[in-house]
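Coordinates in review
For reference, the chains in residue letters:
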Amino acid sequence: MQNVSRLEGESLQKLPGGQEKNSTGCRFAGMGNLIKVLTRDIDHNAAHFFLDFERKLHCISRITSCTSWRYLNMGNLLKVLTCTDLEQGPNFFLDFENAQPTESEKEIYNQVNVVLKDAEGILEDLQSYRGAGHEIREAIQHPSDEKLQEKAWGAVVPLVGKLKKFYEFSQRLEAALRGLLGALTSTPYSPTQHLEREQALAKQFAEILHFTLRFDELKMTNPAIQNDFSYYRRTLSRMRINNVPAEGENEVNNELANRMSLFYAEATPMLKTLSDATTKFVSENKNLPIENTTDCLSTMASVCRVMLETPEYRSRFTNEETVSFCLRVMVGVIILYDHVHPVGAFAKTSKIDMKGCIKVLKDQPPNSVEGLLNALRYTTKHLNDETTSKQIKSMLQ
């Protein structure tokens, strides 16, 4: 293989280990920062490729009829190269961790970034949420003791303030997701072309899903949230009946309390919010082909699955959190796909390999994925349809 001498004003060197290309795809071989591109499953139209979340790669850019090589001297690198058919197809590079917005992306990117900046603080507050279980039990067991009643109320009111903050953040996250969907599915570009051109927005989309699954995992393991809020509503109702001034009622009025109650009653409230938002986005944009949205989701699910189920690829992760990131994003896009696609993610015609995705989850340490499996069990729309195979249902039991 001869060296590439010069292209676009840059000195290009032969890649380590050599390189070869043909009309159907590319293979980059060699040690060090290695990225392989798997072929596309023609029958199921599912993308198979490896994304390197963690490694640096010095690169070049060269475009031919079916291949696009892009190597950038970046930190944590994600590279995707894929062909949708045997002759020509989209080739794109994604950097979920380091992508910077182009001028055309900046408006939406900045809007979403304002929301994402608060995400980690929300998770920290939720993780430290301990509840007022002791005070509530004491108040219930001694209903005539006014001091205990006041103590329980005083403990619950600030906690409800936190729950209000979480709920309001879900509304902000919903708006951010709808903005991203609008950008990543708009015409005239295909979803794949959008992912290539608007890498910073694709990165934000993945971060929203990552946060959402983390939030719901914490919420599902904290029964104090619903117990505290139920006590708050019961006590508030009783105080109104007795015409007792309720400190904190202005913080959460009756209408807001009703909406919050519905939100926290969900097994995975953040995912339910995003699923509803995605469904609404599709229904409100009837001039936009539904495939623009579903293909974007199914492609991301396939990317994460292939990385996780291939030991050769997975062994390259130096940070175990990268595995968790992929798992959460995969489950998140499956659920959104299932809510948006007419027949859902579990049908035979689905572009998502559900058996493969579930197997990947089952191969993880049980304690680390139970929340994700529950998300598939309780937040999806089509799992219990007749079109869902018995094998898939059995895998999720």
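Every chain is numbered on its own, with residues counted from 1 as its sequence reads. The predicted origin of the model limits local features to residues at a pLDDT of at least 70 and limits the giving and counting of side-chain atom pairs to 80 or more, whereas totals for whole chains, interfaces and linings rest on all residues. With hydrogens and water stripped out, all remaining heavy atoms of the structure feed into the side-chain values.

Let me state the cut-off plainly: UniProt positions are given in the numbering used here, feature names are shortened, and annotations may be inferred rather than shown by experiment.
By the naming in an unreviewed UniProt entry, the protein is CYFIP related Rac1 interactor B, taken from Crocodylus porosus. Recorded in UniProt for the protein, the comment headed Sequence similarities (unreviewed entry) runs: "Belongs to the CYRI family."

Looking at the overall build of the protein
Rules: For helices the rule is a DSSP run of H or I covering at least 4 residues; for strands it is a run of E covering at least 2, with both sets numbered from the N terminus onward. Each residue is placed in one exposure class: buried if its accessible area under a 1.4 Å probe, protein chains only, is under 20% of its type's maximum, exposed if it is over 50%, and partly exposed if it falls in between. In what follows, a contact means two residues having at least one pair of non-hydrogen atoms within 4.5 Å. Shrake-Rupley sampling with a 1.4 Å probe provides the accessible areas, and residues are treated as covered by the protein chains on show and by no other component.
Across its full length, the protein carries 15 helices and six strands. For the protein, the proportion of its 397 residues judged to be buried stands at 52%. In the protein, 67% of the contacts between residues at least 6 apart in sequence involve partners at least 24 apart. For the protein, the accessible surface area stands at approximately 19,300 Å², while carbon and sulfur atoms represent 48% of it.

Here's the deal with the pattern of salt bridges
Rules: Salt bridge, as used here, is a side-chain nitrogen of Lys or Arg placed within 4 Å of a carboxyl oxygen of Asp or Glu.
Under the definition given, this model contains 14 salt bridges. Ionic pairing is found between Asp295 and Lys351, a salt bridge with its closest N-O pair at 3.0 Å. Of this pair, Asp295 sits in helix α10 (residues 290-309) while Lys351 sits in the loop between α12 (321-340) and α13 (354-362), and the two are 56 residues apart along the sequence. Lys351 sits in the partly exposed class, given a relative accessible area of 24%.

Overview of the packing of aromatic side chains
Let me state the cut-off plainly: Note on ring pairs: Phe, Tyr and Trp rings are taken, using the six-membered ring of Trp, and paired if centres are within 6.5 Å. Classes follow the plane angle, with under 30 degrees stacked, over 60 edge-to-face and the rest tilted.
For the structure shown, the criterion picks out eight aromatic pairs. Centroid distance Tyr167 to Phe263: 5.4 Å. Interplanar angle 75°. Geometry classified as edge-to-face. Residue Tyr167 is found in helix α4 (residues 146-185), and its partner Phe263 is found in helix α8 (residues 254-265); the two are separated by 96 residues along the sequence. On the basis of an interplanar angle of 80° and a centroid distance of 4.9 Å, the ring pair of Phe263 and Tyr264 is categorised as edge-to-face. Considered together, Phe263 and Tyr264 belong to a single accessibility category, that of buried residues. Members of the aromatic cluster, each reached through a chain of ring pairs, are Trp153, Tyr167, Phe229, Tyr232, Phe263 and Tyr264.

Side note on α13
It helps to recall that an α-helix has 3.6 residues per turn; residues three or four apart then point in one direction. Regarding α13, the residues found buried are Met354, Gly356, Cys357, Ile358, Val360 and Leu361. Buried residues in α13 make contact with α10, α12, α14 (366-379) and α15 (390-395).

Digging into the nonpolar core
Applied cut-off: Here, the term nonpolar core denotes a set of buried Ala, Val, Leu, Ile, Met, Phe, Trp, Tyr and Cys residues that are joined through side-chain atoms within 4.5 Å.
With 97 residues, the main nonpolar core has Phe205, Phe211, Leu327, Met330, Ile334 and Leu361 as its most contacted residues. Ranked by the residues each element gives to this core, the list is headed by α4, at 17 residues. When sequence neighbours within four positions are dropped, the list of residues in contact with Leu361 reads Leu327, Met330, Val331, Val369, Leu372, Leu373 and Leu376.

Some points on the environment of Arg197
Heads up, the rule is: Each polar contact in these results corresponds to two N or O atoms within 3.5 Å; when the atoms are within protein, one needs to be able to donate a hydrogen and the other to accept it, and residues that are neighboring in sequence are counted only if both atoms are side-chain atoms.
By the element assignment, Arg197 lies in helix α5 (residues 191-197). Residue class for Arg197 comes out partly exposed when judged on its relative accessible area of 45%. Considering only alpha carbons, one finds Arg197 and Pro101, 96 residues apart in sequence, at a separation of 9.7 Å. With sequence-adjacent residues up to four places away left out, Arg197 is seen in contact with Thr102, Glu105 and Tyr189. Only 3.4 Å separates the side chain of Arg197 from the side chain of Tyr189, close enough to count as a polar contact.

Brief notes about the packing of α4 against helix α6 (residues 199-220)
Note the cut-off: Every angle, taken between N-to-C directions, lies between 0 and 180 degrees, and every axis is a line fitted to C-alpha atoms, over only the stretch in contact when it is a helix. Roughly parallel covers angles under 35 degrees, roughly antiparallel covers those over 145, roughly perpendicular covers 65 to 115, and oblique covers all other angles. Should the near helix be turned anticlockwise from the far one by less than a right angle, the crossing is termed left-handed; should it be turned clockwise, right-handed. Under the convention adopted here, Pro, Cys and the residues Ala, Val, Leu, Ile, Met, Phe, Trp and Tyr are nonpolar, Asp, Glu, Lys and Arg are charged, and Gly plus all remaining residues are polar.
Contact geometry for α4 and α6: axes closest at 10 Å, N-to-C directions at 150°. In this view, α4 runs roughly antiparallel relative to α6, as classed from their interaxial angle. Note that α4 runs across α6; the crossing there is left-handed. Where α4 abuts α6, its residues Phe166, Phe169, Leu173, Ala176, Leu177, Leu180, Leu181, Ala183 and Leu184 lie against Leu201, Ala202, Gln204, Phe205, Ile208, Phe211, Thr212 and Phe215. A per-class count over the contact of α4 with α6 returns 15 nonpolar, two polar and no charged.

Points about the side chain of Gln364
Positionally, Gln364 belongs in the loop between α13 and α14. Under the relative-accessibility criterion, Gln364 is labelled buried at 5%.

Focus on α10
Put simply, the test is: Here, expected helix span is obtained from the residue count minus one, scaled by 1.5 Å.
Here α10 spans 29 Å end to end across 20 residues, near enough to the 28 Å set by a 1.5 Å rise per residue. With respect to burial, α10 is a largely interior element, 16 of its 20 residues being buried.

Here's the deal with the environment of Ser237
Topologically, Ser237 is positioned in helix α7 (residues 224-241). Put simply, Ser237 and Asn254 are 17 residues apart on the chain and 9.4 Å apart in space, counted from C-alpha to C-alpha.

Considerations on the packing of helix α3 (residues 133-141) against α4
In contact at an axis separation of 8 Å, α3 and α4 are set at 150° when each is read in the N-to-C sense. If you check the angle between α3 and α4, you find them roughly antiparallel. Classified by chirality, the crossing of α4 by α3 is left-handed. Within the contact between the two elements, α3 uses Glu135, Ile136, Glu138 and Ala139 and α4 uses Leu148, Gln149, Lys151, Ala152, Ala155 and Val156. Its residues assigned to classes, the contact of α3 with α4 comprises six nonpolar, one polar and three charged.

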